[in-house]
Amino acid sequence: MIIINGNIYTEKRLIENGYLILENGIIKSFGSMQYKPEYAGEVIDAKGLMVIPGFIDQHIHGANGSDHMDGTHNDLDNIVNFLPKEGTTSYLPTTMTQSEAAISVALKSIVAYMENDNKPGQTEMLGIHLEGPFISKKHVGAQNPLYVQKPTIEIFDRLNAIAKGHIKLITYAPEEADDNFTNYLCSLGVVPSSGHTDANYFQIMDAMKDGLSNMTHFYNAMLPHSHRIPGAVTAGLMNDQLKAELIVDGIHVAPETVKATFMIKGEDNIIGISDAMRAKGMPDGEYDLGGQMVTKKGKECRIDTGSLAGSVAEMDFVARNLKNFTGCSMEALIKMTSTNSAKQLGVYGRKGSINIGKDADVIIVNDNIEVQTTICRGVVAYQR
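So, here's what we can say about the structure. Positions within a chain are numbered from 1, following the residues in the order the chain's sequence is written. The predicted nature of this model means local features are confined to residues of pLDDT at least 70 and side-chain atom pairs, given and counted, to a pLDDT of 80 or more, with totals for whole chains, interfaces and linings taken over all residues. Based on all heavy atoms of the structure, the side-chain values leave hydrogens and waters out of the count.

Attention now moves to the nonpolar core. Buried residues of nine kinds, namely Ala, Val, Leu, Ile, Met, Phe, Trp, Tyr and Cys, make up a nonpolar core once their side-chain atoms join them within 4.5 Å. Each residue is placed in one exposure class: buried if its accessible area under a 1.4 Å probe, protein chains only, is under 20% of its type's maximum, exposed if it is over 50%, and partly exposed if it falls in between. Core analysis: the largest hydrophobic core is formed by 85 residues, its most contacted members being Ile52, Phe134 and Ile204. Among the elements that line this core, the one with the most residues is helix 2 (residues 100-116), at seven residues. Pairs of residues are marked as contacts when any of their non-hydrogen atoms sit within 4.5 Å. Not counting residues up to four positions away in its chain, the partners in contact with Phe134 are Gln149, Lys150, Pro151, Thr152, Ile155, Phe156, Leu159, Ile170, Thr171, Tyr172, Ala173 and Phe181. Core analysis: the next-biggest nonpolar cluster, separate from the first, contains 15 residues, Ile27, Ile44, Ala46 and Val51 among them. We count a stretch as a helix when DSSP gives it H or I for four or more residues in a row; a strand needs E for two or more, and each element gets its number in order from the N terminus.

Looking now at the side chain of Ser274. Mapped onto the secondary structure, Ser274 falls in the loop between strand 16 (270-273) and strand 17 (285-289). Judged by its relative accessible area of 0%, Ser274 falls in the buried class. The term polar contact refers here to a pair of N or O atoms within 3.5 Å; inside protein, the definition further demands a hydrogen-donor-capable atom paired with an acceptor-capable atom, and it admits residues adjacent in sequence only when both atoms are side-chain atoms. At a separation of 2.5 Å, a polar atom in the side chain of Ser274 contacts the side chain of Asp57.

This brings us to the packing of aromatic side chains. Centre distance within 6.5 Å is the pairing criterion for rings of Phe, Tyr and Trp, where only the six-membered ring of Trp is used; planes under 30 degrees apart are then read as stacked, over 60 as edge-to-face, and the remainder as tilted. Inspection of the entire model under this criterion finds six aromatic pairs. Between Phe134 and Phe181, the aromatic rings sit 5.8 Å apart at their centres with planes inclined by 75°, giving edge-to-face as the arrangement. Of this pair, Phe134 sits in the loop between strand 11 (128-131) and helix 3 (153-162) while Phe181 sits in helix 4 (residues 181-187), and the two are 47 residues apart along the sequence. The exposure class assigned to Phe181 is buried, which follows from its relative accessible area of 0%. Note on Tyr172 and Phe181: the rings are 5.3 Å apart at their centroids and 55° apart in plane angle, and the pair reads as tilted. Accessibility expressed as a relative area gives 0% for Tyr172, which makes it buried. Among the aromatic residues, ring-to-ring pairing joins Phe134, Phe156, Tyr172, Phe181 and Tyr184 into one connected group. Positioned above the aromatic ring of Tyr348, the side-chain terminus of Lys343 is 5.0 Å from the ring centre. By definition, being over a ring means that NZ of Lys or CZ of Arg is both within 6 Å of the ring centre and within 35 degrees of the ring normal. For Lys358, the ring lying beneath its charged end belongs to Tyr348, and the centroid distance is 3.5 Å.

Remark: the empty space left among the atoms is shown by a probe the size of a water molecule rolled over them. Grid spacing is 1 Å over the protein atoms alone, the probe is 1.4 Å, and a cavity is where that probe fits but cannot get out, while a pocket is an open set with protein on both sides within 12 Å along at least five of seven lines and lining residues have an atom within 4 Å of a point. Grid points are joined across faces, edges and corners, and a volume is the space filled by probe spheres set on the points. Scanning the entire structure with this criterion turns up one cavity of 30 Å³ or more. Forming the boundary of the largest cavity are 13 residues, of which Pro53, Lys351, Gly352, Ser353 and Asp361 lie nearest the centre. In terms of residue class, the lining of the largest cavity is made up of two nonpolar, six polar and five charged. As a working rule, the residues Ala, Val, Leu, Ile, Met, Phe, Trp, Tyr, Cys and Pro are called nonpolar, Asp, Glu, Lys and Arg charged, and the rest polar, with Gly in that last group.

What follows covers the packing of helix 8 (residues 315-326) against helix 9 (residues 330-344). With their axes 10 Å apart at the nearest point, helix 8 and helix 9 run at an angle of 135° to one another. Taken together, helix 8 and helix 9 sit at an angle that is classed as oblique. Handedness of the crossing formed by helix 8 with helix 9: right-handed. Contact with helix 8, carried on its side by Met315, Ala319, Leu322 and Lys323, involves Met330, Leu333, Met336 and Thr337 of helix 9 and no other residues of that element. Only the stretch in contact is used when a helix axis is fitted, and all axes are lines through C-alpha atoms; the angle between N-to-C directions ranges over 0 to 180 degrees. For classification purposes, angles smaller than 35 degrees are called roughly parallel, those larger than 145 roughly antiparallel, those between 65 and 115 roughly perpendicular, and all remaining angles oblique. By definition, any crossing whose near helix is turned counterclockwise from its far helix by less than a right angle is left-handed, and any crossing with a clockwise turn is right-handed.

Our focus in this paragraph is the packing of helix 7 (residues 255-265) against helix 8. Relative orientation of the contacting elements helix 7 and helix 8 amounts to 75°, with a least axis distance of 8 Å. Considering their axes alone, helix 7 and helix 8 lie roughly perpendicular with respect to each other. The segment helix 7 lies against helix 8, with Pro255, Val258, Lys259 and Phe262 engaging Leu322, Phe325 and Thr326. A breakdown of the residues in the contact of helix 7 with helix 8 according to their chemical character gives five nonpolar, one polar and one charged.

Following DSSP output, two strands are said to pair if at least two bridges run between them. Across the sheet, six strands lie side by side as 11-12-13-14-15-16; this open sheet has parallel pairing. Two strands close off the open sheet at either side, each with one partner strand: strand 11 and strand 16. For strand 13 (residues 191-194) and strand 14 (residues 214-215), the ladder comprises two bridges, and the chain directions are parallel. Among the inter-strand pairings, Ser194 is bridged to a residue of strand 14, identified as Met215. The strands touched by helix 9 are strand 13, strand 14, strand 15 (243-247) and strand 16; relative to strand 16, the strand with the most contacts, the crossing angle is about 110°.

This is the structure we're talking about:
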């Protein structure tokens, strides 16, 4: 197919009033409309709108009534067919702190779907984000404290074997971990991410020496920045090695704090995420999250304790908020919603930007970052 009359944000530059040719699931060529070749394929007229790389959501539990922990083909099918409408073209299915048996069921179903059923025209599963059970009981948030376990190589190996090596990112409390745990994750190409952690500044700095490189839903469920006692957040603000996931729903992190973080960390070190649960796309009411009941009311989801329980944010909403809260350029927004995650997950060779030879994961959005068309690996997955 060919996309015409679009403002195309390629990896290197903006092509105003340009064309983009997609063939066999990859990006074949692009250029100015004045040099557009004759083309016999499907034509999509972008009508002066922006053509950008699809969003990558590396932290999402579910959507449209389904959760990855449900462990069924139909639920996974529901999620990957729902996400294109928000511009998400690839993502990491994310687990919860549950029994090892329940996590194993979820991992088996995700791997089976990834390997056999996840087709072009659906949001692509890039691997698995294992959030829990390796967290701190002091910062469980909406995770179930009954199933919290110490981060050990032995348990991780069991879970990773079930996942057939598809675990891409793991959220854990580094202060609770085996001495060689972080090093071991890095040796396997798994991204170590501190989250639901009681680690202080000095413990985070120590873990960084072993390869810690990500912070799960930055600010939430970790020791805050303080003018007297430096916490995990202090370490995150100070070190570019630590990429900061931000739930930019206007609830988990205040708009002013999002802007301050952007001013400190910069566009290369922030990763916008949804951390969405099954209530995303659903009416207000009660929903299950990891065996606990969550009440959705508007844009907020909380368990009985009052703790926030993930979000119902869609990625175009996250992107819109990022732009509005920070005043960033489109180029910076693309980094924070696609490029940075692709680099962090080791898939930048085929994802995260518009360039020749990369996967044809492309979205067309208006000036308000509202998705008009989503193309997943060369197949139109959504049209508004």
